[in-house]
Amino acid sequence: MSLTADEMWARSSFLTRLVASSATISEAAGDIIKAVMTDGDLKVINKSAVGQPIDVQTEADRAAQYIIEKSLQLKFDNKLTIIGEEEVTSEVERRESGFSTDVLALEDRLPAEFKAIKPEDVVVWVDPLDGTSEFAAKSRGREPKLNQVTVLIGIAYKNRAIAGVVHQPYYNGTESRTVVGIVNTGVIGLNVISQFDEKVVVTTASHSTDAVKKAIEALEKANLADRIEKVSGAGFKVLKCLEGATAYVFASHGCKKWDTCAPEALLVAAGGTLTDISGRPITYAANVQHPNTGGVLATAPTVNHDSYVNAIPDDVKAFLPETPVVTSKQ
Ligand SMILES: Nc1ncnc2c1ncn2[C@@H]1O[C@H](COP(=O)(O)O)[C@@H](OP(=O)(O)O)[C@H]1O
Ligand SMILES: [Mg+2]
Ligand SMILES: [Mg+2]
Ligand SMILES: [Mg+2]
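Residues numbered from 1 in each chain as written. Chains lettered and ligands numbered in written order. Predicted model: local features only at pLDDT ≥ 70, side-chain atom pairs only at ≥ 80, totals over all residues. Heavy atoms only, no water.

Topic: the overall build of the protein
Here comes step 1: Of regular secondary structure, the protein possesses 11 helices and 13 strands.
Here comes step 2: If one aligns the C-alpha atoms of the protein with their principal axes, the spans along those axes are about 55 × 45 × 45 Å.
Here comes step 3: With 330 residues in all, the protein has 56% of them scored as buried.
Here comes step 4: Across the protein, contacts joining residues at least 24 apart in sequence account for 73% of those joining residues at least 6 apart.
Here comes step 5: Considering the protein, the positive charge centre built from 34 side chains and the negative charge centre built from 43 side chains are found 2 Å apart. (Helix = DSSP H or I, 4+ residues; strand = E, 2+ residues; numbered from the N terminus. Buried < 20%, exposed > 50% of the residue type's maximum accessible area, 1.4 Å probe, protein only. Contact = heavy atoms within 4.5 Å. Lys, Arg positive; Asp, Glu negative; His and termini not counted. Charge placed at Lys NZ, Arg CZ, Asp CG, Glu CD.)

Laid out in structure tokens, this is it:
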């Protein structure tokens, strides 16, 4: 006899409940992102300091951050440590209390260690809108590639990314999809491709630097990159690695922990790897500095991660040190 949704919730551990709620909340955030786009006034601001490269934020980033944090804290009695890209400023009335029964169905496969996780053991990393440069492309006179926009909710335990929700509000035009992964448990919402006719390497479309270019050139020389695709968003680039690309390479410190936590967990759950550019694991402790100072290197399932790490030139690696863990608030 099959269980009702409420019965599935009642028998589930905290982690499965958190991921199931995050999946549905990411979809509510996706609705809000689409509503802002339909409204047409993105209220774009530039977050970067004077003299620094442009770093845009829109009303959709702010409103999506708000609904994600408020809904998660309401559902879990304000017990969560949440670190988000944006401040919780743009008020939205809606609270999402739903959850995904597809995710709750993963409970039976959850490792015993994960079943024992409590709210105080996790850090939730939220990027309410990843790929803002695409979302706001019209403000710079360009048509946006909206399928590159994602909502990212990542869960870290013992400093490692263990579960991730990647929601694509415009997966197929206006149709959305939600992809979820829990490490050592499973992936839902996407068919993972792990055989490759050519080596496609994805990298940034909007934040290139000399080091980013140098790393890509080195991979081309080592026959590890037959074709380069420049696309936006860390979430979208990792989805690419699950659907035919071989690697995601970003030799820059601009990407943050909320960009990589959910994608990393999803990729690892599918059998892939995500580290910094030197092959070091990325730490998601609550007191870690937010920038991924060591860069990002992700490889698809079945790809030899070390071969990519080894091909990155030493001077590029030296320029991208491991992220320090700090004790003071940043
Ligand atoms: N130099 C930089 N300054 C600010 N953000 C950067 C950056 N380089 C990368 N990022 C962030 O990393 C994510 C992926 O970047 P890219 O699309 O260039 O690969 C984006 O997240 P957001 O869109 O959530 O801000 C982007 O803002
Ligand atoms: Mg941003
Ligand atoms: Mg981002
Ligand atoms: Mg963002």
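What to know about the coordination of the magnesium ion (ligand 4)
Here comes step 1: For the magnesium ion (ligand 4), every protein donor is listed as E85 (OE), D127 (OD) and L129 (O), and the spread of their distances is 2.1 to 2.2 Å.
Here comes step 2: Mapped onto the polypeptide sequence, the residues donating to the magnesium ion (ligand 4) form the spacing pattern E-x41-D-x1-L.
Here comes step 3: Metal-to-metal, the separation of the magnesium ion (ligand 4) and the magnesium ion (ligand 2) is 3.7 Å; E85 coordinates the two. Highlighted residues: E85 in the loop between strand 3 (81-84) and helix 4 (101-104) and D127 in strand 4 (residues 122-130), separated in sequence by 42 residues. (Donors = N, O, S within 2.8 Å, 3.2 Å for Na, K, Ca; no water.)

A few points about the UniProt feature "binding site: Mg(2+)" (unreviewed entry) in the protein
Here comes step 1: Under the feature "binding site: Mg(2+)" (unreviewed entry), the UniProt entry names E85, D127, L129, D130 and D259. Separation in sequence by 175 residues is not matched in space for these annotated residues, since their most distant C-alpha atoms are only 9.5 Å apart.
Here comes step 2: A relative accessible area of 0% places D127 in the buried class.
Here comes step 3: Leave out the neighbours within four places in its chain, and D127 touches E85, T150, V151, L152, W258 and D259.
Here comes step 4: On the secondary structure map, D259 appears in helix 9 (residues 257-269).
Here comes step 5: D259 gets classed as buried once you look at its relative accessible area, which sits at 9%.
Here comes step 6: In this structure D259 touches D127, D130, L152 and A234, once residues within four positions along its chain are discounted.
Here comes step 7: Polar side-chain contacts of D259 include one of 2.7 Å to the backbone nitrogen of K256. (UniProt positions renumbered as here; feature names shortened; annotations may be inferred. Polar contact = N/O pair within 3.5 Å; in protein donor to acceptor, adjacent residues only side chain to side chain.)

So, the pattern of salt bridges
Here comes step 1: Scanning the model with the defined rule gives 15 salt bridges in all.
Here comes step 2: Note that R62 and E59 form a salt bridge whose closest N and O atoms lie 3.2 Å from each other. With R62 and E59 both in helix 3 (residues 59-75) and three residues apart, the pair spans about one turn of that helix. No difference in accessibility class separates R62 from E59, as the two residues are buried.
Here comes step 3: Across the pair E243 and R177 runs a salt bridge whose closest N-O atoms are separated by 2.9 Å. A residue pair is termed long-range when its members are at least 10 positions apart, and E243 in the loop between helix 8 (234-242) and strand 11 (247-250) and R177 in strand 7 (residues 175-182) qualify at 66 residues.
Here comes step 4: You can call E243 partly exposed: its relative accessible area is 32%.
Here comes step 5: It is possible to trace a salt-bridge network through shared partners that takes in E198, R227, E229 and K240. (Salt bridge = Lys/Arg side-chain N within 4 Å of Asp/Glu carboxyl O.)

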